[in-house]
Each structure stands twice: as C-alpha cells, then as structure tokens.
Amino acid sequence: MPATPAGAEPVRSLYVHVPFCAHKCEYCAFYSAPPSGDVVNRYVAALVRELELIAPDCRPNTIFFGGGTPSLLTLKQWETVLLAMERLGLTRAGEWTVECNPATVSADKAKLLRDFGVNRISMGVQSLDEQLLERLGRIHTRDQVFRSFDTLRAAGFENLNLDLMFAIPGQTMALWQRTLDEALALGSEHLSCYEVIYEEDTPLFAQLNAGEFDVDEDLACDLYDALIDRSSAAGFRQYEIANFARDRRSNGQGPMTKAPEPQAGELVIGNGPLDLPTFACRHNVGYWRGLDSYGCGPSASEYVRGLRAKNWSNTTLYCEQLEKGRRAKEMAEALPPLGRAGELAAFGLRMNRGWGFAEFTVRTGFDLRAGWQSEMGDLIRCGWAAVTGDRFHLTRAGLRFADSAAERFLRPEAL
Amino acid sequence: MDAAHIRNFSIIAHIDHGKTTLSDRLLHRTGTVATRDMEDQLLDAMDLERERGITIKAHPVTMLYRAKNGETYELNLIDTPGHVDFAYEVSRSLSACEGALLIVDAAQGVEAQTVANVHLAMKQGLHIIPVINKIDLPHANIPQARQQLEDILAIPGDEAILASAKEGIGIEDILEAIVARIPAPKPTDAPSFQALIFDSYFDTYKGVVILVRVTKGELRAGMQVKLLHSGRTVEVKEVGSFNPKPYTRDRLEVGETGYITANIKSPREVKVGDTITDPRNPSAELPGFQEIHPMVFSGIYPINTADYEQLKVSVAKLQLNDSALTYQTESSVALGFGLRCGFLGLLHMEIVQERLRREFDMDIIATYPSVVYRVLMTDRTEKEVDNPAFLPDVTYIETIFEPIVKAFVICPGDNIGDIMALISEKRGEIRHTETLDARRVMLTCKIPLNEILIDFHDRIKSITRGYGSMDYEPEGHEASDMVKLDMMVNGEVMEAFSALVHRTKAEARGRTLAAKLKEVIPRQQFQVAIQAAIGGKIIARETVSALRKDVTAKCYGGDISRKRKLLEKQKEGKKRMKSVGSVEIPQEAFVEVLKTN
C-alpha cells in the first residue's frame, strides 16, 4: 500500500470488522461466523498485516471496531491487535469505539482496551426484556447488560452507547417503554435505536415471509414517536434517524474525547437544534459527511479518494490474501464525482442537520442549490424539508421518509 | 371441369363433433392426400386453429371423386370459420357453395353453435346433408340425434347419413350424397366474366392470395380483372386450386373454386364478398357484399411500455391475414401507448390476443371491452361510440342504443334454474325453452351483447360443469339506460377502467372495481381516494391510507453502497410507474385488475 499521495491528507477514519459471533442473531445480515479452531488467531495475524498495509496512509481521528462481536476476541488476541496498532501509530484517535456484547465484557478486557486508548464502547443491548432477547437470538441477559455497564464505567469509559431495537415481533408499546426507560436510566452518553430491519437471508425474514407474524407499521411509528419524546425528555438530542446523544454535562465532567480538528467546517459541535450534540459518534458522522475511511477485516467497506472497495466476506479467503501480502478486496469501484455527490446528498439528509450549502460544495464540488433545486423544492412543498439559515434539512415528518427523499437525490445516471 | 360435374360444399359442425376428422377422411378417400402425407387436421393450418379445434380462415380444397355412376366429379370443400363472430365471412364462404354437410355428434346431439350456423346456411339457400357422426361410440343415440334434427333444425331426420369419420364408416355414402343431393353450380346471367371473392390471405412472396368462386366465364392468368368495390383493376398472375397445398392450374371455369394472385400488396384492397369481373364490360356485383364492421372494441397495451412499437408491427402483420381486425393508436394514463382494436366478436378478440402472445411473443394486456353503441343526440343526429372515453356529454344525449343479440344456450335440464338466473342477471329475456332430449334443453333469449362480453360463456361452462354451450347472432340495437362509469384516483379519471354499463349494474361494478384497485394500489405518502362515479356522482369509494414512514433504520459506511443501489433500483422502477392524480401506481397494478376483470 503506497503512502499518502503527495499533497493529500492521510485518511482520518478507520473501521475494523471482527467477523466472529458466538451465535448468529435472528435479524443479523452482517458477515460473521462462530470463532472455531485456530481461525481467530489466523484472522488476528491477517488483520495486523492489513493494518500494516494501510497504516502509512492512515492517521485516524476516529476508529470503530464493529462486527460480529469484537469483544469475543480473547485478552491475548486483543493485545496482539492493540500492540500492532500502537506500533503502527494508529492508536491516537480522538474517538475510538469498540462494539461489545454484554455477555462478553470482562473487567480485564475493558481495562486493556481503555489502556490502549479505546474511549467509547457501543453495547449491543437490543432489549431489556428477556423474552424479546430470546426472540432475537441474543446470547445475553438483561442482568448482564447492567453488570457490563458498571464494569465499563469502572474501567473508566465515559462515552458509552447502547444499541436498542424496536418493533421486534411481539414487542408491545408497554414493553418498549419499559426497556427505553431502563436504558435511559442507565445514563449512557449515546443511544442508537433501530427499528427491526428484515433483511434477506436472515431467519427473521424467513419467519416474516412464512407468515409467522405481521409487521404493524402503525405500532412501529408509535414506538418511534415514544423514542423521540422520551429520549429528548431524558436530555438526548437526535442527530440522525437512529442516533441520539447527550451534550456535554453541565457539571463540568466533559467527555473523554478531545474534539478532533474540524474538517472542512464539519463536526462543529454546538447547542443549536441543527448542531451536533457533544457525544455524537464522530466516526459515523464521518460516513454521512463523506469523509474518507479505511475498512479492514473481512467484509469491511472503505471509501478512499473516490474509490469504494469492499473486502471478501469470507475469513479464510481474507486470511489467504493477506498471508500473500496483499489486501483481500472483493470489489472496488470508482465513483464519478456527480454520482458520489448524489449519494452524499442522499445519505447526508439522514442527519437532522441536513446539508449546509457551502459545506456540501466543499465536500462534493457541486452546488446543492443548482443541481438539486427541484428535488429540494418538492420536499419543502410537501413539508418534509426546510431551509434553515444556509442549511437544507429534513423535518421531523421528513425524517420518516428519508429513503424516499434519498432516492430523489441520487444520480444513478452519473454512475 | 364442366359445371355439371362440380360440387361446392362446406361443413357445419360444433367443435369436436368431427368436422376435421371427416375432412381428412374425404381428402384421403378421394386420393387427394396420400396416407403417408396425412397429418392430423390438414386444413387447420394455424397452431391455434388446431389446438382450439376451430377454423379461422376459409380453406378451400379441391378433390376429384370417381362416383358409383362411373363419372368423375370435382368436389370443392370450402372449410369455413365455425363461429358466428365470423358470420359475414361464413356467409360469403357459404355463398360460394350449393350445399353443406351438417355434422351432429351421435352422442352429444345438436349444439348451440350448430344452430346458429345452420340458420346461416339456410338463409343462403344451401342444400343441407345431415350426417350423424361417431355412431361407433357406445353411448351413441341415433334416434335421438335424428329427432333433434327435426325438432330443432327442421331437417328430416331420415335423410341423415350414419357415419364414423374416425372408423371410416359412411365416407362413401357421404361422397355419393354430395354428388347426388347437392346441385351443380349454375352460371349467373352476367354479361361477362364474374367471380366472388370469399376470402383472402397474405403470402410473403405472392402478395395477397384471393380465394374465388367463378360464377360466370372463366379465369386465366394474364387476364385483366376489376375488383368492383375497391375499384382496382389488376392483372391475374397465377390461377390455381388447393389439394390442400396450392397448385397452379391454367384456368378456373364457371362453378369452380380456387385462387388467384395479382401482385396485390395490401390486403385491405381485397374485400371479402367483392365481385371480380371484366373491366371492359363489367358484370353486376354479386349480392350480399358488406363492409366489415367490428362489433367489439378493446384497447391492447404492451405490458412493457417500451414494446409499443413492436406491438404496432405485430398487429399490422396480423392484420395482413385478418382484414376484419381494425386498430388505431390510443394512449392511456394508466397503461401508456397502445392500440384500440376492433373485433368481429368475442372469439375474434380472444384469438387476436392469443396470437399476439404466441406467434409474436408479445406480453399484452387488454382493457375492458366495449360494444358499439348508437347514441342519438338531442339535435337528432346519431353517433357511434365504441370507446366510453368518447361518449358525448350526457346533457346532449337523447338516447343510447345498445347492440342486442339472440343467444342460444343449450344446457342439461338440471341446470336450467341457474342458467335462467344467469340470463336474467345479464339483463337477458328468455323467449322460449325447448326440450331437446331427456337430458338437455335449449333456451333462446334476447340479451345485450355487452353483458356476454366478459364471463357469460365461462359461467355457463361452470354452472353446467362443461356440458353447456352457447352461441349468438346479432339482432340490432335497443334503447337502453346506459351510464358511463368512471374510476378515479384522487379525482383523476383512469380511462382504462371506464365503461358504459347499464344503470342497474353501475353501482355493483363500481364497488367491485374500487375494492380491487384498493388491493393493488400501493400506499403513498398521502391518503389515496379511489372513487367510482357516474357523471359527477360518486357511487363507491375506497381509501388507501397514507404511509407513515419509509426509511431504513440503519445506514453506516458499509451499508451506503448497498443501500444506494437498492434506492437506485427503486428510482428506476418508479420511472415505469404511472402517475395518476399525483398517485404513483405501478403498471402491474392496473394489469392485475384488468386481468381479474
């Protein structure tokens, strides 16, 4: 992997995929497999190799370890990865998140991660109702959530995210409100709440198709309303369709994260309704703003200088390639500027703050007001969007139809 | 051949009563076709004809038969379309004949279709030779078949020849009867050469091949002839007959049937029923000529709107061999560009649609068919309306007249109650009921054509578990309380679903259609009202509730590319959607409703 091209900035974002799960959840379509035999050690070695390849061009402000279940790696395996990252100069990120399953968090692991600079943990809670957890095929219990939360706090993590799911088959409004209240009471800095997605090739999708249950759209909408109202009452601000974060605490206990260098007017944190809350996940915000990002590990995607690429979704194949000293890319596509701009316009609207006109031009080289005028007009007329100051953004009603909005902004003809 | 040794005849039979098998037997027995060349159903050349056991085009075939009296006769069998949709073509084919074989299945007896065709043949003054076929079947009931001939058709039962075409029984008797009973053709008293055009077809190499029966003089290649109605004079290039494949002859003499070619490229210039004659000394035209008028109209649309040009080319090709088919461009909000086609009747409509699907591989959908209404305006002028979209404003309409048919329904006696209920539901009026035999009755009724367009025949079949049969003949127009029923989506009319219906039927149809549309119209981001209306008055309404959301919960770095591709696909899909009153509806939805109509 060549170093950063002359005159260009190194890539500031890094995603690492850990493709192992003790048990595959009913709804999950991400690539993962059981950590059998020596495959995990082989993966760790391959991952280190891949990190070595990208390191010369990567000075991450944000790192995200997702999965799979990153917390499934043993202490020893984590140490191997972390030491390599330290050696490669990849550990000084302002925000470094690792996803954890509540059943696989230990005090030792938490401490190790914290010591190497991990400062944000995202816990896949999904629900605090035992029956629904079982329905989803999760391996953890509600008690493990509370215990893990305390363990992480004790290890010094001051930026914690809880992943929750709603519209789970069998979930009533009462059950959701209870989970939501209990989760809010834990006092995390961040909440990610997803409506269940029925993705092909998942058991849940098959059950839906087999007619084992129905999707109640009205209920799902009501659950989402309850989420927005309750999280807001608890001090969270929504900054993306499924993401909610708190602002810096008034008692002066600031977040662990150092605010990273603002990039092209981005990531400016403030108190306005269209500003990002303090604890917004900067790594994910980077995706929606179109920042370059490396992706390592099986099935990981990346976007670097106009080239989108994806690694093989097969751990063995991935390892074989890296053992030969090359990255394991399944595909790479160059996005033409207008195609990329359409994509960014589309997905950037998922954030409450939408797009600043100047900001969009800086990111894409295109003027939103010139190229997407009629689309913006349509959305404003039907009450889905508004222009506030110099920003175009979806309204609360419009955020419900962000896919329809996104579709209009895409420019498939340019691809 | 001198006229005294020529016999021209056709065969009248119900489907499956053995017409084709008998024709094949005759061809074989007369040595016209050798056994090794026998192919099932020699005369029905189109796959569709073979499959459905019906004849769409006339197929003349010339046979030479050495009779018991030692003389050789030229027998011209003119196989005619068997359905009254083609009544005019049938009447022209019949007028090329002096006689007809009437085939009745010994087990099943006389059927409705036979009645309609026998009426036609009798009107033409043809001598009818009844043949009771399939006498070898174990449940053959010959006395009953004879009785039905007398009771229903007023044909002496004892004149019937007993036969089994399948087993080769009675073939000789039939051939002898043709010679003995059917009169030889008589020349007309025309002053010059004269012949009747009774059909035509298109040949890629020869152009239009005209089927003729010479009524005076003789026809040779090289002659100049005039087509009286189209006014064209052409030079005859080729003269011939069929055996059943075409073969050239040096001439066709008076009384003979055969074909001519004359380098005619447009089938529309050759009208069935026209007279050809000597241009220098023209004879009078033969009686009975009519311009063909379609009775039933329907819009035909390609399912894939991009196939419109292909559809146009296909229909034009079909028309080469089916000049009764008319079409013109039409467009619909719901279905895009298509063709409004005119058909002679229901069967003709079905056949055209089926041929487009099969022979031209077209994926098509047809709109609700309409008959031709006569509309008397308040200023006493009269208009013909075959498309509900063009019905004049009701305030200028004095009366609407709808086409009526006389229908014959034959059904098992057990089902008579249900059939009568069906006829009355269809606004029919039963004129009389006849008992055909121990098992069956025939109902003769007057019924509006528009009521039998869609499911009348199917319902008879289902009520009688397949034993019932139905046929009809046109019987003019009658004043009727017709209203235009429109279906609207958020206030905008979808013409594809508009129909003229009787006032008493409007509400039920409106409700049914609204309910069906509700099932297929996808939810939108706003509420959608589906309404059925007569004039401005809403008679039925359904509501498709608004979507409350349309968003994927999760979308991060790895998802963006996949998600983008998904949305792009949707966006492409929407290009194919039709926008009706700002409601986006996939064309498939309309197609779905039209299919179940």
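What you are looking at is a predicted structure, and each value in this text was computed from that prediction instead of being measured.

## Let's talk about unusual backbone geometry
- Cis peptide bonds are those with omega within 30 degrees of zero, and the linkage from Gly67 of chain A to Gly68 of chain A qualifies with 15°.
- On the secondary structure map, Gly68 of chain A appears in the loop between β2 (58–67) and α2 (75–87).
- Of note, the bond from Asn243 of chain B into Pro244 of chain B is cis; its omega dihedral lies within 30 degrees of zero at 5°.
- Position of Pro244 of chain B relative to the elements: it lies in the loop between β12 (238–242) and β13 (246–248).
- At Ala167 of chain A, a residue that is not glycine, the phi angle is positive and equals roughly 65°.
- Looking at the secondary structure, you find Ala167 of chain A in the loop between β5 (160–166) and α6 (173–186).
- Ala167 of chain A sits in the buried class, given a relative accessible area of 17%.
- Phi angles above zero are rare outside glycine, and Ser299 of chain A is one such case at about 70°.

## A closer look at the packing of aromatic side chains
- Under the defined criterion, the tally for this structure stands at 18 aromatic pairs over all chains.
- Relative to Phe409 of chain A, the ring of Phe392 of chain A lies with its centre 6.0 Å away and its plane at 35°, an arrangement referred to as tilted. Note that Phe392 of chain A is positioned in strand β15 (residues 391–394) and Phe409 of chain A in helix α16 (residues 402–409), a separation of 17 residues in sequence.
- Residue classification places Phe409 of chain A among the buried positions, given a relative accessible area of 0%.
- Counting every residue linked through ring pairs, the aromatic cluster contains Tyr194, Tyr239 and Trp288 of chain A together with Tyr556 of chain B.
- Taking the ring centre of Phe157 of chain A as reference, the NZ or CZ of Arg114 of chain A above it sits at 5.8 Å.
- In this arrangement the basic side chain of Arg289 of chain A is found over the ring face of Trp355 of chain A, its NZ or CZ atom lying 4.0 Å from the centre.

## Structural notes on the nonpolar core
- One finds Leu14, Leu51, Phe65, Ile121, Leu368 and Phe409 of chain A to be the most contacted residues of the largest nonpolar core, which totals 114 residues.
- Top element by residues in this core is helix α1 (residues 39–54) of chain A. It accounts for eight residues.
- A domain-level breakdown of this core finds at least three residues from each of domain 1 (11–246) and domain 2 (339–415) of chain A.
- Beyond its immediate sequence surroundings of up to four residues, Phe65 of chain A is in contact with Val16, Val18, Pro70, Trp78, Val81, Met85, Trp96, Thr97, Val98 and Glu99 of chain A.
- Leu391, Val405, Ile452 and Phe456 of chain B belong to the second largest nonpolar core, which has 44 residues in total.

## Some points on the sheet that holds strand β1 (residues 6–13) of chain B
Residues and elements named next belong to chain B.
- Judged by pairing direction, the sheet is mixed, and its six strands sit side by side in the order β2-β3-β1-β4-β5-β6 without closing on themselves. The sheet is open, and its two borders are formed by β2 (59–66) and β6 (161–162), each paired with just one other strand.
- Two elements, strand β4 (residues 99–105) and strand β5 (residues 127–133), share seven bridges in a ladder whose sense is parallel. Paired with Val104 across the two strands is Ile132, which belongs to β5.
- Lying on the sheet, helix α6 (residues 171–181) is in contact with β1, β2, β3 (72–79), β4, β5 and β6; it crosses β5 at an angle near 170°.

## As for helix α9 (residues 416–425) of chain B
All names here are of chain B.
- Within the sequence span of α9, burial applies to Ile419, Leu422 and Ile423. The buried residues of α9 occupy an angular sector of 100° when projected down its axis, which confines them to one face.
- In this structure, the buried residues of α9 make contact with β24 (397–412), β25 (429–435), β26 (440–448) and α11 (456–463).
- With its phi angle positive at about 65°, Arg427 sits one or two positions after the end of α9.

## Re the confidence of the model for chain B
- On average, residues of chain B score 87 in pLDDT, and 94% of them reach the 70 mark or higher.
- Across the predicted assembly, pTM comes out at 0.64 and ipTM at 0.85.

## Things to note about the interface of chain B and chain A
- At the junction of the two partners, chain B supplies 26 residues and chain A supplies 39 residues.
- Between chain B and chain A lies a buried interface of about 3300 Å² when both sides are counted; carbon and sulfur atoms form 55% of it.
- A salt bridge links Glu199 of chain A to Arg562 of chain B; the nearest nitrogen and oxygen atoms lie 2.9 Å apart.
- Here chain B and chain A share 21 residue pairs in polar contact (both at pLDDT 80 or more) between them.
- Residues that form the side of chain B that touches chain A fall into these classes: seven nonpolar, six polar and 13 charged.

About the thresholds
- Residues numbered from 1 in each chain as written.
- Chains lettered and ligands numbered in written order.
- Predicted model: local features only at pLDDT ≥ 70, side-chain atom pairs only at ≥ 80, totals over all residues.
- Heavy atoms only, no water.
- Helix = DSSP H or I, 4+ residues; strand = E, 2+ residues; numbered from the N terminus.
- Buried < 20%, exposed > 50% of the residue type's maximum accessible area, 1.4 Å probe, protein only.
- Phe/Tyr/Trp six-rings, centres within 6.5 Å; stacked < 30°, edge-to-face > 60°.
- Lys NZ or Arg CZ within 6 Å of the ring centre and 35° of its normal.
- Core = buried A, V, L, I, M, F, W, Y, C linked by side-chain atoms within 4.5 Å.
- Domains from an automatic or database assignment.
- Contact = heavy atoms within 4.5 Å.
- Pairing = 2+ DSSP bridges.
- Axes fitted to C-alpha atoms, helices over the stretch in contact; angles between N-to-C directions.
- Arc of directions from axis to C-beta.
- pLDDT = per-residue confidence, 0-100.
- Buried area = accessible area lost by both parts, 1.4 Å probe.
- Salt bridge = Lys/Arg side-chain N within 4 Å of Asp/Glu carboxyl O.
- Polar contact = N/O pair within 3.5 Å; in protein donor to acceptor, adjacent residues only side chain to side chain.
- Nonpolar A, V, L, I, M, F, W, Y, C, P; charged D, E, K, R; others polar.

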